[in-house]
Amino acid sequence: MKAVTTSSDYVPVRKKKSFWNVFAQQKYLYLMSLPFVAWVFVFSYLPLWGWTMAFQKFKPGISFFDQKWVGLTYFKELFQDEQFYQVLRNTLAMSVMGLIAGFTIPIIFAILLNEVRHQVFKRIAQTISYLPHFVSWVVAAGIVTKMLSTDNGIVNDVLMGLHLIKEPIQFMGEGKLFWGIVTASDIWKETGWNAIIYLAAIAGIGPELYEAAKVDGASRLQQVWNITLPGIRSTIIILVIISIGHLISIGFERQFLLGNNLVRDYSQTLDLYSLNYGLGMGRYSFGTAINMFNSVVAVILLFTANGLFKKITKESIL
Amino acid sequence: MGTIKLARGTPWTDRLFDIFVYVFILFVTVITLYPFLNVLAISLNDSIDSVRGGITIYPRQFTLKNYETIFAFSGLMTGLKISILRTVIGTLLGLISASMLAFTLSRVDFQGRKFVSTFLALTMYVSGGLIPFYILIKDLHMMGTFAVYVLPGLVSAFNVFVIRSFIDGIPYALQESAKLDGANDFTIYWRVILPLTKPALATIALFIAVGQWNSWIDTYLYNGSKDHLTTLQYELMKVIQSTTTNVDSFRGKNLTEMIAQVSPESIKMAITIVVTVPILVVYPFLQKYFVKGMTLGAVKS
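Everything numeric here is computed off the predicted structure, so don't read it as measured data.

Q: Can you walk me through the interface of chain B and chain A in this structure?
A: Quite often, the size of an interface is put as the accessible area lost when its parts meet. Listed per partner, the contact involves 99 residues of chain B and 84 residues of chain A. Here chain B meets chain A over a buried area of about 8300 Å², counting both sides, of which 76% is carbon and sulfur. Of all residues in chain B, B:Phe17, B:Gln111 and B:Ile131 bury the most surface against chain A, accounting for 9% of the area lost on that side. Seen at the junction of chain B and chain A, the total is two salt bridges. The closest approach of N and O atoms between B:Glu265 and A:Lys146, which form a salt bridge, is 3.6 Å. Our count for the chain B to chain A interface comes out at 23 residue pairs in polar contact (both at pLDDT 80 or more). Sort the elements by how many residues they give to the side of chain B that touches chain A and helix α1 (residues 12-43) of chain B lands first, with 21 residues. When the residues that make up the side of chain B that touches chain A are grouped by side-chain class, the tally is 65 nonpolar, 25 polar and nine charged.

Pasting the structure below:
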């Protein structure tokens, strides 16, 4: 069952050609794709093979067959580590906060931007809104730290100016504020970018729907509620499902850059934990066990979310 | 509110809604833009004067001294060179891989199509994680090399699928007529498809270039101790992570003298601007492409 049949779409097949005949004919197509397939194999699939490390007492420099197999030792160690639960709590807290805020705010922004009648203002606002997406987290973290500093930081200045606080708040040194700071920074950086897709979806809604609503005397807010929101419903659902799959894999970049020793108990994520323990201390096997836990939970979340939404809404991405 | 044009007889709720819309959008615009203007103003202000505070969006005592100082640091110039190099090479290689794969996957008659596209798509959902990847790079002897910046991330499934859906929109008849003229598949890719794919290529080029320019983790993990291979972002990261400007993080001469003239804060802000400016210059021009590309990519994935 080699796939020779598809070529019959435009070339009438006179006699059945063998796989190798077609292969020779399509040698350029193979030449243009197989080297990259090999590439993907090395850099995306070989690391999966590296998961075997989690079941070995891995020592670098010796061959796979000489490694000592230890079964689930490192997973037991992981689940007995108190810090693991703290790290898991941080990861889940920041990803859930990010998920909720990262969905509602870009949608609100897109809908309201769409209601702006003044085209020049609309375009300027939109162009500015993408700006932070294009700067690195290094730059963003530097800016956030500067804005939140107790020393001439605008946030403290405004709060003091409005007499909402008497003393400047030590934003970056307060563990309890860390989750909120990460979430807010993310909102600041990505709202405009994430709104693009909703703006495109809104643009796809037929103008006759709005005309009809206007004739019926619907107010602008009613139009948003009854036409715009339902119109982007399937876009929202698909994006929510995709994000839930990535819920636990929030990485460590923001936490690494925004965090410091004072907020460590609230800033460490699973990836940062595996970086600190796996690489920092050379405990490769333990670090790999953390990575594996992360991936497995991500896949379970993806399937659960997909199944759930499929039942409720008949939309699915898989 | 005379500036907002409304039809006569608009209900007051609609007027209120309009006011809310403009206030909200203006608020978002201001909080997005202000931090950048503030950083720019501080970087252009005399550093001793900046310590007094109160700089908002324009410099109080204009000077280019902060920039002169940071450009005298050799670490910064090396970082600039490596950052530019990895952005250019990484973007070119990334475009070639993504467009070639996209072309072959768009060909319905290609018998390896199903295998290649599944093989590629799976990479969007599974990954080995940090440690196995690190060990792989180590085993391939890529630590401490420039190659580690461009080779591991060469093929991105997302980019391939964005370009592919663009190629799908090009009539197949064009390829057929080229074939009748005796062109082989590679010639078709190079002479027919690539020129027609320019808008999609521009989008992807921007994505890859921004990613390359902004990356610092690979430098941190693999090349942190190689002075001649550190990137601009990494140099900035070191400066920002140190609470007082770490003199060791710059490898220049007459350091004490230089540091005496500028405050750490001003140095941070000036480097931040140097790192950010290239992107500020590019992205507004490519806006119409990436908006299209984003929409397409997200719908397909």
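Q: Help me understand the environment of B:Gly53 in this model?
A: With respect to the helices and strands, the residue B:Gly53 is situated in the loop between α2 (47-50) and α3 (65-71). Look at B:Gly53 and you get buried, because its relative accessible area is 7%. Spatially, the C-alpha atoms of B:Gly53 and B:Ile42 are 9.4 Å apart, while their sequence positions differ by eleven residues. Beyond its immediate chain neighbours, meaning those up to four positions away, B:Gly53 contacts A:Asn152 and B:Arg60.

Q: Teacher, can you tell me more about a nonpolar patch on the surface here?
A: Residue and element names in this part refer to chain B. A cluster of nonpolar residues, Ile84, Leu85, Val88, Ile89, Leu92, Leu93 and Ile96, forms a patch on the protein surface that exposes about 550 Å² of accessible area. By the element assignment, Ile96 lies in helix α4 (residues 74-106). The class of Ile96 is partly exposed, set by a relative accessible area of 39%.

Q: What should I look at first to understand α1(B) in this one?
A: Note on helix geometry: an α-helix contains 3.6 residues per turn, so any two residues three or four positions apart are oriented the same way. Helix length check: α1(B), at 32 residues, gives a terminal C-alpha distance of 46 Å against a target of 46 Å (1.5 Å per residue), a fit within 8%. When the local axis directions of α1(B) are compared, the greatest deviation, roughly 30°, occurs at B:Leu33, which is followed within four positions by the proline B:Pro35.

Q: Looking at this structure, I do not really get the layout of surface pockets. What am I missing?
A: Any space left empty among the atoms is revealed by the rolling of a water-sized probe across them. What the largest pocket holds in volume is close to 1000 Å³. Along the walls of the largest pocket sit 42 residues, with A:Thr145, A:Lys146, A:Ser149, B:Glu265 and B:Lys268 positioned nearest its centre. Broken down by secondary-structure element, the contributors of at least two residues to the lining of the largest pocket are α6 (137-148), α7 (154-161) and α12 (253-258) of chain A together with α1, α2, α13 (232-241) and α15 (264-300) of chain B. Take the lining of the largest pocket: its biggest share by element is six residues, from α6(A). Split into classes, the residues belonging to the lining of the largest pocket amount to 17 nonpolar, 20 polar and five charged. Two domains each put at least three residues into the lining of the largest pocket: domain 1 (12-62) and domain 2 (65-299) of chain B. Computed from the structure, the second largest pocket encloses a volume of approximately 840 Å³. In terms of lining residues, the second largest pocket is bounded by 27 residues, among which A:Leu148, A:Val155, A:Ala184, A:Trp188 and B:Ile31 are the most central. If you tally residues by element for the lining of the second largest pocket, the top one is helix α8 (residues 175-203) of chain A, at nine residues.

About the cut-offs
Residues numbered from 1 in each chain as written. Chains lettered and ligands numbered in written order. Predicted model: local features only at pLDDT ≥ 70, side-chain atom pairs only at ≥ 80, totals over all residues. Heavy atoms only, no water. Contact = heavy atoms within 4.5 Å. Buried area = accessible area lost by both parts, 1.4 Å probe. Salt bridge = Lys/Arg side-chain N within 4 Å of Asp/Glu carboxyl O. Polar contact = N/O pair within 3.5 Å; in protein donor to acceptor, adjacent residues only side chain to side chain. Helix = DSSP H or I, 4+ residues; strand = E, 2+ residues; numbered from the N terminus. Nonpolar A, V, L, I, M, F, W, Y, C, P; charged D, E, K, R; others polar. Buried < 20%, exposed > 50% of the residue type's maximum accessible area, 1.4 Å probe, protein only. Patch = residues over 30% accessible without salt bridge, like charges linked within 9 Å, V, L, I, M, F, W, Y side chains within 5 Å. Areas by Shrake-Rupley, 256 points an atom, 1.4 Å probe, with all protein chains shown as cover. Expected span 1.5 Å × (residues − 1). Bend = angle between axes of the 7 residues up to and from the residue. 1 Å grid on protein atoms, 1.4 Å probe; cavity = no way out; pocket = protein on both sides within 12 Å on 5 of 7 lines; lining within 4 Å. Points joined across faces, edges and corners; volume = space filled by probe spheres on them. Domains from an automatic or database assignment.

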